[in-house]
Amino acid sequence: MRGLLTIFGTLALASLAAAQVATVDESAYYRVDYLTPPDGARVEVGGMDFLPDGRLVVSTRRGQVWLVSNPLAADPRDAKFQLFAEGLQEGLGLSVIDGAIYLLQRSELSILRDTDGDDRCDRIDTVCDRWGVSGHYHEFAFGLPRDAAGNFFVSLNVSFGDPQWWHGRSTVPYRGWVVRVAPDGTLTPWASGFRSPCGIGTNAEGDLFVTENQGDWMPACPLFHIEQGGFYGHPASLNWTDEYRRDSKKASDTEPPTNPRKPAALWIPYDWSRSAAQMVPDTTGKFGPFEKQLFIAELTNGLVLRADLEKVQGVYQGAVFPFRQHVGSAVRLKFASDGTLFCGFTDRGWGGQAPGDGVARVRWTERTPFEIEHVKLAADGFTLTFTKPLSLAAGLMPGAYHIQSYDYDYWWEYGSPVRRAKAHVPKTIAMSADRKSLILGGLGLEPGRVVRMSIDAVTDADGAPLLHNEFAYTINQLVDGPKSDALVAKRVDPPVVRERWEEGMLFLTSGDALDSWKGAGWSAVHKLELDASAPSKLVAELPKPDSKERAEILTNAGATEMHDLVSRYAFGDIDLHVDFLLPQDGNSGVYLMGRYEVQLRDSANKKELAPSDCGGIYEGEGFPGSAPLFQGYRGAGQWHGLDIRFRAPRFDASGKKIANAKFERVMIDDVLLQENVDVPGPTQGGDAVEVPFAPLRLQGDHGPVAFQGVRVRAKDSPRDDAGWSKVFNGRNLDGWRISDDGKWRVENGTIVGSGSASHLFSPRSDYKNLEFRAKVKISDGGNSGMYFRAAYGPGWPAGYEAQINATYPPDPQRTGSFYNYDSLKTRLVPPDIWFTEHITCRDEPEGVHVTIALNDIVVVDAFDKERRFASGHVALQQHHDGSTVTFKDVEVRELP
Amino acid sequence: MNAVYRTWPSLLSAALCAFGAWACESPKPPPEPAAQPTEVVMLSDDEEEPVHDGRWVYEGNCAGCHNENGDGQGPTMLALGLKARSFAQGGFAFGNTREAIFRTISAGMPGSSVMPSFKATLTDDERWLVVDYVLTLCPRVDEKASGTALTVRDRPQIARGLLPAVVDGQPEWPRGILIGTPEGLTFEYRTDDVRLLAVRQGDFADRTDWNERGGGELVPLGKAFFTIGGGNPDAPISILRTGTIRPGRAQLRATIATKDEVGLDYDIYDSSDKRAAIVKERVRVEALPLGGVFTRSWEIRGDREANNLIIDVGAPAGDCEWVRGVPETWQQIGQLFRTPVRQDGWIVAKRGDVFECVHVAADKNTWLVKDSNSVRLYVPVFAGAEHVGAKVSATIVMTTDWSEELLAELGKEIAR
């Protein structure tokens, strides 16, 4: 029996004020149609080229090669697929040379031959297999462009490993390299520093380019111009340089290498490209006004981007534009000689937009779109050239330009948010005599930054708006002045390396998700989606009874009265992550400390973003609010990850505020929306009086919304060692007493408890008022505890216990509980991860006052009015056979 | 009861007598599965003509070993002190798809649980009837859900991929090749230094790399009845120079799969990375009424200089008891370098219950030797890429029984 909840969204209190921007109709200029794949076959495209007889050859990730006859037929159904070869080990690059099909497999570059003329491959010649394949899934090989001398170029992915599963590794030669393969099979390592270079090709001039994908050491998705010997940023590949090999040196996982890096010709904004793939130049001149420009396949967003590059001071750089959306999970592109752009799709395991396989054709309708045709860097500005003459007054107002520049951090973390963002306003605007160009000046441009610009109020002579009014230009060099060394991806201090990313966090919606919250009408559900027939409603599903399905999504869908959801714990400075989902017209918010709101709103169609749009910081008294820098919100019914780095207000000893609350960073799905925004007081709807610690509040009184994956991490604070004494010397258990013949041991400076139930008592037995802390790791299914004021003896000790428990059931009191006094049911810390448990215990007039903090966040603040235990040992518990607990840094600070 | 019980050697003889009556052809495409009977209709005991259905064919041809209920304890097997495959336990060594069972019935089974081919004794239609009947004797098995299974159709198929370890604890092979034949044998090679690892019988392969992000294993589905070097063999081709044998490195050059031939081309490089020979290795499934009889052949050409090559044919090898036609040992050959001993024909060795019968055919330049208890071919390769140094082949039969007559018959058939 499956529970079903349906709820009508309350009417939006304030209708969206801004006019909906007319949907951009790209199809009037570029039409997309889809070839019909053969029955039952999934054509997961990895490479495309044409045979001399006009047939299209398509290789796939399934290791099949198809011949498509009639690929240019007026009716796409007349293009017919025929299987030429199968059984290959992927095929992510294909090139036809003098009628011979060259295929790049994961393991080799091959020629596929049909020796008896029956259109089936019967002989496969190995051209080159001289690169390493370790067996890791991520070791894709991409291709397959050639240079004028007939050499092939192949880009080789790294594998993954420690310290995070996605952390690049190069365990066999030339992983993370672009290699050159001569026609005779000789392999030459060509350029290093790559991670997942899915797109490799040449521009109209024949220069080699590679697209990369965001990850460690890759802040976003760039387009690199490849030069022999160049290093492009990912250190793993350096293992195969002469220098590293000679010195038996291994690339560091976390320390940035000192090797000089080559710049990216483009950094594509992350909201445009999450997975960049192949690029092709239009060399046909039959694809509209963008001859010689590059077109870039974008898998995740299912679109095609356009790039206009130029060389400034000898270095490639330029602008990237949205070009054609709603194409599909495009990975491979190929122009036919008539100017038809073939797009090959695959999304398996990578996520993308439908269709996720097959082949499409993008054709120019011969109508010229009104677009920004070229962006050229000028003296402290840009020259924008349009495809059509502008109306006379178009674009001459500085307010028509929304210009931001930013850069990135170069580090081992997965991707980088936009960093050091800055607004720019043109001081001069001029129009060319032919009315086709605008020249912006006085922008205050700097090298090593990306400039992102959107333009309003520019119309053509007929008053029509731009089809796409934005671009992002990567500045490596200015047109004048000395040559710059600045890179967009800035070398910064590497972030703290944690054993696991979960370390230091409290998970507020894991296990019993509601236990860490208060709010009438909220439920914890298993699944949730938009009501297909009424998208302003959410439909939720409860877990099946007796199933292992989790109920870790919190929603007010189904509530008769709508209330906010308030956390059980209070926070100050935190990094907060919340996954949220809104229905159509949804309106909610995340109130840090119950006072400072980041707005959540179904505002995907908004062009001009206001503080009341998704990712905005809402207005308050004397504070106009802060609009999001970019559109990070994608739409109703989709889960979004919201990350906030928040600093609580500061007060002096007298309680006077000395520093405002501050949003250091707000991101949705890694798109930076706010940076260093000071909030002078509570925003509208926030609690009135500002305090140093307060609970988090998730808004639920404006209609249905859902949250999951809520986790917080307290700000790293300097370690406070004053007055603390080590109870455990790190070497042995001298002086400790073990009950019940327990099997306690010391291993690598830690105390390990395993085997049957037993307790380990501290040498001293006279602790009264104290703080007691340790770093703890508990096995999955394990149970333990930290006792204080405990008496030595067999069985369960007489004394207070701060719980450590990764079982549920049978013991519902989870880690952090003050056993039998205050029980916590949420799985705040995961098993097998280090966390800190910090107890204070002190006699007070009201009773024995006990607080327990996990990872520096107080989760228990309780009194034992009966004062059951007055003094005793501190002790560690080994609860049952099958449970393993590890302690380190076991310390006590006595209190008066 | 109309059952005909025959002991397997006599059945084998009968099958051998029927040489020529059958030909090596691809099995007909399977007819649609017959509707599964909801209950087994009991044959009446009266004298009516029995229905010529799958059960009737099964009881007449299979029940002697597999028993009427499919538990593998038929009277013939019991008499021999052996046990046949129990369908009741869902066991099919060589695949449980209709096609795989059809192949097994048609081709027989090699190795220690030997089963004769029924290709000569039963028509295609009768064998398909048996397939559907046998499936009613075993627990229902789920179809492969993922749709990632590869099947071999009308001609040999080659699949490249990451091969899992042949034997637990051995390495996986990131560069591997499976050669599947219409007859149901699969030849499993590592290809970054070309070596045959095993030969399998049964269904072809599961392409797990079609799942998720790719990069998964290419899992051979057949059962390995022949494994070389425990799944991690030494280099099969070595170079002899000044009395020292050093392994050659085999660099893959091509794979070939036409209607007429299937195999690999590779070059042999010496320890200083100089090409020593150019090799075409082909595999062939023999059209014999025994399961799993196959032939490997090598055509070897020289490169710029002359070389002496040693080819390890893969069997017999290791700890075996030499039964017939034991070749000269390497030491003797070393002494008799100028007057080598040449030998063609069958070598038989016994390992456990299984006899490994190897038939070596070689041209005049080639000598058969025994070294470290394994059969090797000594092949001088003369300079010049156009010069064929040797054409050699080894046919391998794994059986629990053999006789001079059987080998003579097989030898004649191979020579044909």
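Per chain, residue numbering runs from 1 following the sequence as it is written. Whichever chain is written first is A, and whichever ligand is written first is 1; the rest continue in order. Where local features are concerned, this predicted model is filtered to residues with pLDDT of at least 70; where side-chain atom pairs are given and counted, the filter is 80 or more; whole-chain, interface and lining totals use all residues.

> What exactly am I supposed to notice about the overall build of chain A here?
Secondary structure follows DSSP: runs of H or I at least 4 residues long count as helices, runs of E at least 2 residues long count as strands, and numbering of each begins at the N terminus. Scanning chain A for helices and strands turns up 1 helix and 66 strands. For chain A, whose C-alpha radius of gyration is 31 Å, the value lies close to the compact-globule estimate of 29 Å for 896 residues. With respect to the three principal axes, the spread of C-alpha positions in chain A is 90 × 65 × 65 Å. Two things to know: the radius of gyration comes from C-alpha atoms, and the globule rule equals 2.2 Å times the number of residues to the power 0.38.

> Would you mind showing me how to read the overall build of chain B here?
Counting its regular elements, chain B contains 8 helices and 22 strands. Going through the 416 residues of chain B one by one, you find that 47% of them count as buried. Intrachain contacts of chain B at a sequence separation of at least 6 include 63% that bridge at least 24 residues. Every C-beta atom is placed from the backbone, and the number of other C-beta atoms within 10 Å of a residue's own sets its class: buried at 20 or more, exposed at 12 or fewer, partly exposed in between. A pair of residues counts as a contact when their C-beta atoms, built from backbone coordinates, are separated by no more than 7 Å.

> Explain the sheet that holds strand β45 (residues 587–592) of chain A here, please?
Consider a sheet: its strands pair through backbone hydrogen bonds, and that pairing is either parallel or antiparallel. Residue and element names in this part refer to chain A. At least two DSSP bridges between two strands are needed for those strands to be called paired. Ordered in space as β38-β43-β52-β45-β46, the 5 strands form an open sheet in which the pairing is antiparallel. Of all the strands in the sheet, just β38 (517–518) and β46 (596–601) have a single pairing partner and so form its edges. Relative to strand β52 (residues 694–698), strand β43 (residues 565–571) is paired through 4 bridges, and the arrangement is antiparallel. Among the inter-strand pairings, L565 is bridged to a residue of β52, identified as L698.

> Before we go on, may I ask you to explain the sheet that holds strand β5 (residues 65–69) of chain A in this structure?
Residue and element names in this part refer to chain A. One open sheet accounts for 4 strands, arranged β3-β4-β5-β6; its pairing is antiparallel. The open sheet terminates on both sides in strands that have one partner only, identified here as β3 (45–50) and β6 (80–85). The mean angle between the axes of side-by-side strands here comes to 25°, regardless of whether they run parallel or antiparallel. Angles here are taken between N-to-C directions and fall from 0 to 180 degrees, while the axes themselves are lines fitted to C-alpha atoms, restricted in helices to the stretch in contact.

> Help me understand helix α6 (residues 124–136) of chain B in this model?
At 3.6 residues per turn, the α-helix brings residues three or four places apart onto the same side. Residue and element names in this part refer to chain B. The terminal C-alpha atoms of α6, which comprises 13 residues, lie 19 Å apart, in line with the 18 Å expected from a rise of 1.5 Å per residue. Most of α6 is tucked away: 10 of the 13 residues are buried. Turning to α6, its buried residues number three or more, namely E126, R127, W128, L129, V130, V131, D132, Y133, V134 and L135. At its buried positions, α6 is contacted by α2 (54–61) and α5 (98–107). Every helix has an expected span of 1.5 Å times one less than the residues it contains.

> Help me out: how do you make sense of the domain arrangement of chain A in this one?
How big an interface is tends to be reported as the loss of accessible area on association of its parts. All names here are of chain A. Boundaries of every domain are those given by an automatic assignment or by a domain database. As assigned here, chain A comprises domain 1 (35–126), domain 2 (372–491), domain 3 (505–618 + 679–714) and domain 4 (725–894). A straight line from the C-alpha centre of domain 3 to that of domain 4 covers 33 Å. Each partner contributes residues to the interface: domain 3 has 14 residues there, and domain 4 has 15 residues. For the side of domain 3 that touches domain 4, the secondary-structure elements that each account for two or more residues are β37 (505–507), β43 and β53 (706–714).

> Quick question: what am I supposed to make of the interface of chain A and chain B here?
Taken together, the 26 residues of chain A in the interface contact 24 residues of chain B. Gly counts as polar in this scheme, as do all residues outside two lists: the nonpolar Ala, Val, Leu, Ile, Met, Phe, Trp, Tyr, Cys and Pro, and the charged Asp, Glu, Lys and Arg. Of the residues assigned to the side of chain A that touches chain B, the class counts are 5 nonpolar, 11 polar and 10 charged. With 3 bridges joining them, strand β10 (residues 123–128) of chain A and strand β11 (residues 249–257) of chain B adopt antiparallel strand pairing. When the sheet's bridge partners are listed, I124 of chain A is paired in β11 of chain B with T255 of chain B.

> Got a minute to help me understand the nonpolar core in this structure?
V154, V304 and C343 of chain A are the most contacted members of the largest nonpolar core, which totals 240 residues. Residues contacting V304 of chain A, with those up to four places away along its chain left out, are F295, I296, A297, E298, F323, R324, V327, A330, C343 and V362 of chain A. When buried Ala, Val, Leu, Ile, Met, Phe, Trp, Tyr and Cys residues are joined through C-beta atoms within 7 Å, the set is termed a nonpolar core. The next biggest cluster of nonpolar side chains, apart from the first, holds 77 residues, and it includes L162, I300, A349 and L410 of chain B.

> Explanation requested: the packing of α2 of chain B against α6 of chain B in the structure shown.
Two quantities define a packed helix pair, namely the angle between the axes and the distance from one axis to the other. Residues and elements named next belong to chain B. At their nearest, the axes of α2 and α6 sit 8 Å apart, and the two run at 95° to each other. Taken together, the axes of α2 and α6 lie roughly perpendicular to each other. For the pair α2 and α6, the contacting residues are G54, R55, V57 and Y58 in the first and E126, L129, V130, D132, Y133 and V134 in the second. Residues belonging to the contact of α2 with α6 are distributed by class as follows: 6 nonpolar, 1 polar and 3 charged. When describing relative orientation, an angle under 35 degrees is termed roughly parallel and one over 145 degrees roughly antiparallel, while 65 to 115 degrees is termed roughly perpendicular and anything else oblique.

> Looking at this structure, I do not really get the packing of α5 of chain B against α6 of chain B. What am I missing?
Residues and elements named next belong to chain B. Their axes nearest at 9 Å, the elements α5 and α6 cross at an angle of 125°. By the angle between their directions, the pair α5 and α6 is classed as oblique. α6 is crossed by α5, and the crossing has right-handed handedness. Taking contact as the criterion, the partners of R98, I101, F102, I105 and S106 in α5 are, on α6, R127, W128, V130, V131 and V134. For the contact of α5 with α6, the per-class residue count stands at 7 nonpolar, 1 polar and 2 charged. Should the near helix be turned anticlockwise from the far one by less than a right angle, the crossing is left-handed, and should it be turned clockwise, the crossing is right-handed.

> Could you clarify how one ought to interpret the confidence of the model for chain B in this entry?
Predicted coordinates in areas of low pLDDT are best not read in detail. All names here are of chain B. pLDDT is a per-residue confidence score from the predictor, ranging from 0 to 100. Overall, the predicted model of chain B reaches an average pLDDT of 77, with 73% of residues at or above 70. Confidence drops under pLDDT 50 across residues 1–47; counting only partners more than four residues distant or on other chains, this segment forms 52 contacts. The model gives residues 334–341 a pLDDT under 50, and that stretch makes 7 contacts with residues more than four places away or in other chains. Interface confidence in the predicted complex, given as ipTM, is 0.77; pTM for the same model is 0.73.

> Is there a simple way to explain the pairing of strand β25 (residues 330–335) of chain A in this structure?
Here is the key point about a regular strand: its side chains alternate between the two faces of the sheet. Residues and elements named next belong to chain A. Counting buried positions along β25 gives 5 out of 6 residues, so the element sits mostly inside the fold. Bridge count between β25 and strand β26 (residues 341–346): 5 bridges; the pairing is antiparallel. Counted as the bridge partner of A330 is F345 from β26. Hairpin connection, β25 to β26: the antiparallel pair is bridged by 5 residues, and G339 has positive phi, about 90°.

> Quick question: what am I supposed to make of the pairing of strand β58 (residues 758–761) of chain A here?
All names here are of chain A. The pairing of strand β55 (residues 737–738) with β58 spans 2 bridges and is antiparallel. Each bridged residue has a counterpart across the sheet, and for I738 the counterpart in β58 is L760. Where β58 meets strand β65 (residues 873–878), 4 bridges bridge the pair, whose relative direction is antiparallel. Within the sheet, the bridge partner assigned to H759 lies in β65 and is Q877.

> How should the environment of E446 of chain A be read in this particular structure?
All names here are of chain A. Here E446 shows up in the loop between β33 (437–441) and β34 (449–455). Given 15 C-beta atoms within 10 Å, E446 falls into the partly exposed group. Placed 75 residues apart in sequence, E446 and E371 show a C-alpha to C-alpha distance of 26 Å.

> Would you mind showing me how to read the environment of E747 of chain A here?
Position of E747 of chain A relative to the elements: it lies in strand β56 (residues 743–747). With 49 residues separating them along the chain, E747 of chain A and W796 of chain A place their C-alpha atoms 25 Å apart.

> Hey, could you run me through the confidence of the model for chain A in this one?
A residue-level look at chain A finds 96% of positions with pLDDT of 70 or above and a mean pLDDT of 92. Scored below 50 in pLDDT, residues 1–23 of chain A makes 37 contacts in the model with residues more than four places away or belonging to other chains.

> Can you help me understand α5 of chain B in this one?
Residues and elements named next belong to chain B. The buried count for α5 comes to 8 of 10 residues, which makes it a mostly enclosed element. Of the residues making up α5, those classed as buried are A100, I101, F102, R103, T104, I105, S106 and A107. Of the surrounding secondary structure, the elements contacted by the buried residues of α5 are α6. Of the residues one or two after α5, G108 is the one with positive phi, at around 80°.

> How should I be thinking about the environment of R348 of chain A in this particular structure?
On the secondary structure map, R348 of chain A appears in the loop between β26 and β27 (357–364). Residue R348 of chain A is classed as partly exposed on the basis of its C-beta count, with 18 C-beta atoms lying within 10 Å. Ignoring anything within four residues of it in the chain, the contact list for R348 of chain A reads E44, R61 and G356 of chain A together with R213 of chain B.

> Explain unusual backbone geometry here, please?
With glycine set apart, most residues show a phi of negative sign, and most peptide bonds adopt trans. All names here are of chain A. Omega for the peptide link from G143 to L144 comes to 10°, which places this bond in the cis form. P355 follows A354 through a cis peptide bond whose omega is -5°. Mapped onto the secondary structure, P355 falls in the loop between β26 and β27. Of note in this structure, W217 is not a glycine but carries a positive phi near 65°. Within the fold, W217 resides in the loop between β18 (208–211) and β19 (221–225). Classification of W217 by C-beta neighbours within 10 Å gives buried; the count is 27. If you check the backbone angles, R867 has positive phi at about 50° while not being a glycine.

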